[in-house]
Amino acid sequence: MFKNSVFKGVFLVGLGATSFGMLATFVKMAYAEGYTTAEVTISQFVLGITGILIINAFQKAKNDDEVVKASKKNIFQLMVAGTSLGMTSVFYYMAVKYIPVSIAIVLLMQTVWIGVLLEMLLEKKMPSKQKIISVFIVLIGTLLATDLLKNEIQLDWHGLIWGMLAACSFTTTMFTANRIALGISSAQRSLYMLLGGAVIVFGFATATQNAPFNFSIFLKWGIILSLFGTIIPPMLMNAGFPLTGIGLGSIVSALELPVSVLMAYFLLNENVNTTQWLGIALILFAIVLMNINFSKNNNN
């Protein structure tokens, strides 16, 4: 039986993943109104950082004696780790610009096998048979979910590259969220990671925004994007992953896949056929298979 702290972690990670799953649909809707990737990301991070600052100030005022302050080392580590958060936003939103949301989220979920590869390199040991089988199931599921076998969907290669880059950076974010500065509050961790991510986002915006910046994005989409992209998911996942561990947390965070596809289906009218749903189901099954223990003696 799970302890209450684990249940709390499952709830927090699940809610964070659900929020993140809604994000791409909102971004696509902002694109439809003529906003650029730079405008979307800048508004999201500026308002997101503002929101996290308010949350930190509230926590400090309420529990000044109990809040553990981040050290300079913590701040540096979190800001460096946060650059992957900024890259994930930029890469993912660029992918959504070229390909359907339902395809982009499938590419983002390649974190499953990329995570196994990263774990193998960091820990210098071969993955278990269970994980290897899961990786093959993910790859088969991806072929079905993107409908590449039938070749009925014409996918822009730009979107595919951006989607895979997003998966790589998102894998890094998931690993760091479970390992760095766990002794300070999730609000502080989120703040410094967002500040690190903002460096990437502002750099990208400076390099790509040629037209005058449309500040109406802040009121029209910025609040929604900041809530579902930079406030709710990082805070809840930073708080939840240490309670669940990377294995169970990965299973629960997979909720973002069906949520994202359903949002795109209902709000963007993206067509998702039976083959694609089968592929999505296989990916979800692989994530569960990879992280579940079938016996008490199985530690992998």
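Residues numbered from 1 in each chain as written. Predicted model: local features only at pLDDT ≥ 70, side-chain atom pairs only at ≥ 80, totals over all residues. Heavy atoms only, no water.

## Let's talk about the overall build of the protein
Then comes step 1: Within the protein one finds eleven helices and zero strands.
Then comes step 2: The secondary structure elements of the protein, listed N-terminal to C-terminal, are α-α-α-α-α-α-α-α-α-α-α.
Then comes step 3: Computed over C-alpha atoms, the radius of gyration of the protein comes to 19 Å, within 12% of the 19 Å expected from 2.2 N^0.38 for 300 residues, which places it in the range of a compact globule.
Then comes step 4: Counting only C-alpha atoms and orienting by the principal axes, one finds that the protein spans roughly 55 × 55 × 30 Å.
Then comes step 5: Counting all 300 residues of the protein, 53% fall into the buried class.
Then comes step 6: When contacts within the protein are restricted to residue pairs at least 6 apart in sequence, long-range pairs at least 24 apart make up 89% of them.
Then comes step 7: Of the roughly 14,400 Å² that the protein leaves accessible, carbon and sulfur atoms contribute 68%.
Then comes step 8: In the protein, 18 side chains carry a positive charge and 12 a negative one; their mean positions are 11 Å apart. (Helix = DSSP H or I, 4+ residues; strand = E, 2+ residues; numbered from the N terminus. Rg over C-alpha atoms; globule rule 2.2 N^0.38 Å. Buried < 20%, exposed > 50% of the residue type's maximum accessible area, 1.4 Å probe, protein only. Contact = heavy atoms within 4.5 Å. Areas by Shrake-Rupley, 256 points an atom, 1.4 Å probe, with all protein chains shown as cover. Lys, Arg positive; Asp, Glu negative; His and termini not counted. Charge placed at Lys NZ, Arg CZ, Asp CG, Glu CD.)

## Some details on empty space enclosed by the protein
Then comes step 1: Inspection of the entire model under this criterion finds one cavity of 30 Å³ or more.
Then comes step 2: In this structure, the largest cavity encloses a volume near 210 Å³.
Then comes step 3: At the level of secondary structure, the elements contributing two or more residues to the lining of the largest cavity comprise helix 1 (4-32), helix 2 (37-62), helix 3 (72-98), helix 7 (157-177) and helix 9 (217-253).
Then comes step 4: Here the lining of the largest cavity is composed, by residue class, of 13 nonpolar, seven polar and no charged. (1 Å grid on protein atoms, 1.4 Å probe; cavity = no way out; pocket = protein on both sides within 12 Å on 5 of 7 lines; lining within 4 Å. Points joined across faces, edges and corners; volume = space filled by probe spheres on them. Nonpolar A, V, L, I, M, F, W, Y, C, P; charged D, E, K, R; others polar.)

## Some remarks on the packing of aromatic side chains
Then comes step 1: Tallied over the entire structure, the rule returns ten aromatic pairs.
Then comes step 2: Ring centres of Phe26 and Phe228 lie 5.5 Å apart, and the angle between their planes is 55 degrees; this geometry places the pair in the tilted category. Pair noted here: Phe26 is in helix 1 and Phe228 is in helix 9, with a separation of 202 residues, a long-range link.
Then comes step 3: Since its relative accessible area comes to 12%, Phe26 is described here as buried.
Then comes step 4: On the basis of an interplanar angle of 85 degrees and a centroid distance of 5.1 Å, the ring pair of Tyr265 and Phe266 is categorised as edge-to-face.
Then comes step 5: Among the aromatic residues, ring-to-ring pairing joins Phe20, Tyr92, Tyr93 and Phe170 into one connected group. (Phe/Tyr/Trp six-rings, centres within 6.5 Å; stacked < 30°, edge-to-face > 60°.)

## Considerations on a nonpolar patch on the surface
Then comes step 1: A cluster of nonpolar side chains, namely Leu262, Tyr265, Phe266, Leu267 and Trp277, defines an oily patch on the protein surface of about 490 Å² accessible area.
Then comes step 2: In terms of residues, the nonpolar patch owes the most to one element, helix 10 (residues 256-267), which gives four residues.
Then comes step 3: With respect to the helices, strands and loops of the structure, Phe266 is situated in helix 10.
Then comes step 4: Residue classification places Phe266 among the exposed residues on the basis of a relative accessible area of 58%. (Patch = residues over 30% accessible without salt bridge, like charges linked within 9 Å, V, L, I, M, F, W, Y side chains within 5 Å. Salt bridge = Lys/Arg side-chain N within 4 Å of Asp/Glu carboxyl O.)

## Overview of helix 4 (residues 101-108)
Residues three or four positions apart in an α-helix share a direction because the helix packs 3.6 residues into each turn.
Then comes step 1: Among the eight residues of helix 4, eight are classified as buried, and the element is accordingly described as predominantly covered.
Then comes step 2: Residues of helix 4 that are buried include every one of Val101, Ser102, Ile103, Ala104, Ile105, Val106, Leu107 and Leu108, and no others.

## Regarding the pattern of salt bridges
Pairs can form between side chains of opposite charge once their charged atoms are near each other.
Then comes step 1: As enumerated under the stated definition, the model contains three salt bridges in all.
Then comes step 2: Across the pair Lys220 and Glu33 runs a salt bridge whose closest N-O atoms are separated by 3.5 Å. Of the two residues, Lys220 is situated in helix 9 and Glu33 in the loop between helix 1 and helix 2; the sequence distance between them amounts to 187 residues.
Then comes step 3: Of the charged contacts in the structure, one is a salt bridge between Glu123 and Lys125, with a shortest N-O distance of 3.9 Å.
Then comes step 4: Overall, the relative accessible area of 47% leaves Lys125 in the partly exposed class.

## A look at the nonpolar core
Across soluble globular proteins, nonpolar side chains have a tendency to be buried as a group.
Then comes step 1: Val40, Tyr92 and Leu257 are the most contacted members of the largest nonpolar core, which totals 80 residues.
Then comes step 2: Residue contributions to this core peak at ten residues, all from helix 3.
Then comes step 3: Ignoring any residue separated from it by four or fewer positions in sequence, one finds Leu257 in contact with Ile105, Val106, Met109, Ile280, Ile283 and Leu284. (Core = buried A, V, L, I, M, F, W, Y, C linked by side-chain atoms within 4.5 Å.)

## Focus: the packing of helix 6 (residues 129-145) against helix 11 (residues 274-291)
Any two packed helices are characterised by the angle at which their axes cross and by the distance between the axes.
Then comes step 1: For the pair helix 6 and helix 11, interaxial distance at closest approach is 7 Å and the crossing angle is 165 degrees. By the angle class used here, helix 6 and helix 11 are roughly antiparallel. Between helix 6 and helix 11 the crossing geometry is left-handed. Here Gln130, Lys131, Ile133, Ser134, Val135, Ile137, Val138, Ile140, Gly141, Thr142, Leu144 and Ala145 of helix 6 come into contact with helix 11, specifically with Thr275, Gln276, Leu278, Gly279, Ile280, Leu282, Ile283, Phe285, Ala286, Leu289, Met290 and Asn291.
Then comes step 2: Classifying every residue of the contact of helix 6 with helix 11 by side-chain character gives 15 nonpolar, eight polar and one charged. (Axes fitted to C-alpha atoms, helices over the stretch in contact; angles between N-to-C directions. Parallel < 35°, antiparallel > 145°, perpendicular 65-115°, else oblique. Left-handed = near helix turned anticlockwise from the far one by under 90°.)

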